[in-house]
Amino acid sequence: MADSTLDLIFSEPIFHEKIWGGRKLADDFGYQIPDGPIGECWAISAHPNGDCVVAEGAWAGKHLSELWDEHRELFGGLEGDRFPLLVKIIDAKDNLSVQVHPDDAYAAEHENGSLGKRECWYVLGADPDTKIVIGQRAHDRAELATMIEEGRWDDMLNEVPCRVGDFFPIEPGTVHAIQGGTLILETQQSSDVTYRVYDYDRVGDDGKPRPLHIEQSLDVVDYAAEAPTSGEVTAPEVDGVTELMACPNFVVDRVRVAGEKSVGEEWPFLCVSVIEGAGTVRAAAADVEHKIARGTHFLAPSGCGELLFSGEMTLVTSRVPTEDA
């Protein structure tokens, strides 16, 4: 018998204005966004700075954080005081600041118990010859401090070509900057802690430079990390599925649907983003068919059963790791 409480959870996206944002979230995805430079669509989030509301179904009107707090069975009974993941789309019309994120230990101590911020990027769009900043060349804290003080950004920053379909893991401690002309699907820990290293001497709406966080950045940079040279996906595709990243916080896969495809329930919950194409999806336990297309995001709860897709689509899915994955 179908159970509507185990149907797929579609939430209303939350949009954030950014000085570097554009209008592609409306023009390319058809989202109804506010006026102004909109840089981020928080598509699946229970973070206090953007807590999505369920759009339809048995849980309509509930915030995702409420479901996490009151119906943990939807998430396989996972432990933790907050929903662990955040899925967003970033529209960078202009360059984002050069920045770095802390790990869990540093954030818990210095950012009021926040999670750290491990993230990853799947490139949805990129202007010709676009590059992306990932990694830096200083060998230690003193050298990095000198490079920052002297403004030696070309010496310090590692730039990598950025093309549609590229994938970049961004570990805590990695200096990085998304460049203008880039559209990215980001999967990350549920954290909003960012330390700015450099902001191109821009000013905010108040006419003042946005704050930098040099000391914190010097604290958290991983000086031993090896900078990448490419974002090309080289992992094998098996039955339409390519594992893009597996780490202690999440597992991210690319899933190609060509006709009919089933995805077995082997996870406490699954976040799904449609990045190309269109079709339908049905969770076996609820037996309700949903139309989905590029720009659709949903959460498949624990107990929803097998996911049955139909159409021509590319998906990016994310979940928390389990003992067998």
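Caption draft 1: Region of the structure containing the overall build of the protein. A tally of regular secondary structure across the protein gives six helices and 22 strands. Relative to the globule expectation of 20 Å for 325 residues, the C-alpha radius of gyration of the protein, 20 Å, shows essentially globular dimensions. Across its three principal axes, the protein shows a C-alpha extent of roughly 65 × 40 × 40 Å. Within the protein, contacts between residues separated by at least 24 positions form 73% of all contacts whose residues are at least 6 apart in sequence. Total accessible area computed for the protein in this model is approximately 14400 Å², and 46% of it derives from carbon and sulfur atoms. Distance between charge centroids for the protein: 4 Å, based on 26 positive and 59 negative side chains.

Caption draft 2: A look at helix α4 (residues 141-150). Among all positions in α4, only Leu144, Met147 and Ile148 are buried. The arc that holds every buried residue of α4, seen down its axis, measures 95°, which confines them to one face. Of the residues in α4, the exposed ones pointing more than 90 degrees away from the buried face are Ala142, Glu149 and Glu150. Elements that come into contact with the buried residues of α4 comprise β10 (131-136), α5 (153-156), β15 (195-198) and α6 (214-220). One side-chain oxygen at the N-terminal end of α4 lies 3.3 Å from the backbone nitrogen of Ala142; it belongs to Asp140. With its phi angle positive at about 65°, Gly151 sits one or two positions after the end of α4.

Caption draft 3: Molecular detail of the pattern of salt bridges. Per the counting criterion, the structure on display carries 16 salt bridges. Residue Asp81 is joined to Arg82 by a salt bridge in which the shortest nitrogen-to-oxygen separation is 2.8 Å. With relative accessibility at 30%, the residue Arg82 sits in the partly exposed group. The salt bridge partner of Asp199 is Arg202, with a shortest N-O separation of 2.7 Å. Each member of the pair Asp199 and Arg202 is classed as buried. Salt bridges sharing partners connect three or more residues here, namely Glu40, Lys88 and Glu186.

Caption draft 4: Empty space enclosed by the protein, seen in detail. Scanning the model with the defined rule gives one cavity of 30 Å³ or more in all. For the largest cavity, the calculated volume is near 50 Å³. The wall of the largest cavity is formed by Ser4, Asp7, Leu8, Ile9, Val54, Glu56, Gly57, Ala58 and Trp59. Tallied by class, residues from the lining of the largest cavity come to five nonpolar, two polar and two charged.

Caption draft 5: Expanded view of the environment of Gly39. Relative to the assigned elements, Gly39 resides in strand β3 (residues 38-44). Gly39 sits in the buried class, given a relative accessible area of 0%. Expressed as a C-alpha distance, the spacing of Gly39 and Trp20, which sit 19 residues apart in the sequence, is 6.5 Å. Those residues in contact with Gly39, other than ones at most four positions away along the chain, are His16, Glu17, Lys18, Trp20, Gly21, Leu25, Ile89, Ile90 and Asp91.

Caption draft 6: Here's a closer look at the pairing of strand β9 (residues 119-126). With seven of eight residues buried, β9 is to be regarded as a mostly interior element. Bridging between β9 and strand β14 (residues 182-189) involves seven bridges; their strand directions are antiparallel. Bridged to Glu119 within β14 is Gln188. As defined by bridge partners, β9 adjoins strand β12 (residues 167-170) across four bridges and the pair is classed as antiparallel. The residue of β12 that forms the bridge with Glu119 is Ile170.

Caption draft 7: View of the packing of aromatic side chains. By the definition in use, this model includes 11 aromatic pairs. Taking 5.6 Å as the distance between ring centres and 5° as the angle between the ring planes, the aromatic pair formed by Phe29 and Tyr31 counts as stacked. Grouping residues by exposure puts Phe29 and Tyr31 together as buried. Members of the aromatic cluster, each reached through a chain of ring pairs, are Trp68, Phe75, Phe83 and Phe269. Positioned above the aromatic ring of Phe29 is the side chain of Arg294, whose terminal nitrogen or guanidinium carbon lies 4.2 Å from the ring centre.

Caption draft 8: Quick peek at the sheet that holds β3. The antiparallel open sheet is built from six strands, whose spatial order is β2-β3-β7-β14-β9-β12. What marks the edges here is a single partner per strand, and that holds for β2 (14-22) and β12. Averaged over all pairs of adjacent strands, the angle between strand axes in this sheet comes to 25°, irrespective of strand direction. With four bridges connecting them, β3 and strand β7 (residues 85-92) associate as antiparallel partners. Within the sheet, the bridge partner assigned to Cys41 lies in β7 and is Ile89.

Criteria and cut-off values
- Residues numbered from 1 in each chain as written.
- Predicted model: local features only at pLDDT ≥ 70, side-chain atom pairs only at ≥ 80, totals over all residues.
- Heavy atoms only, no water.
- Helix = DSSP H or I, 4+ residues; strand = E, 2+ residues; numbered from the N terminus.
- Rg over C-alpha atoms; globule rule 2.2 N^0.38 Å.
- Contact = heavy atoms within 4.5 Å.
- Areas by Shrake-Rupley, 256 points an atom, 1.4 Å probe, with all protein chains shown as cover.
- Lys, Arg positive; Asp, Glu negative; His and termini not counted.
- Charge placed at Lys NZ, Arg CZ, Asp CG, Glu CD.
- Buried < 20%, exposed > 50% of the residue type's maximum accessible area, 1.4 Å probe, protein only.
- Arc of directions from axis to C-beta.
- Polar contact = N/O pair within 3.5 Å; in protein donor to acceptor, adjacent residues only side chain to side chain.
- Salt bridge = Lys/Arg side-chain N within 4 Å of Asp/Glu carboxyl O.
- 1 Å grid on protein atoms, 1.4 Å probe; cavity = no way out; pocket = protein on both sides within 12 Å on 5 of 7 lines; lining within 4 Å.
- Points joined across faces, edges and corners; volume = space filled by probe spheres on them.
- Nonpolar A, V, L, I, M, F, W, Y, C, P; charged D, E, K, R; others polar.
- Pairing = 2+ DSSP bridges.
- Phe/Tyr/Trp six-rings, centres within 6.5 Å; stacked < 30°, edge-to-face > 60°.
- Lys NZ or Arg CZ within 6 Å of the ring centre and 35° of its normal.
- Axes fitted to C-alpha atoms, helices over the stretch in contact; angles between N-to-C directions.

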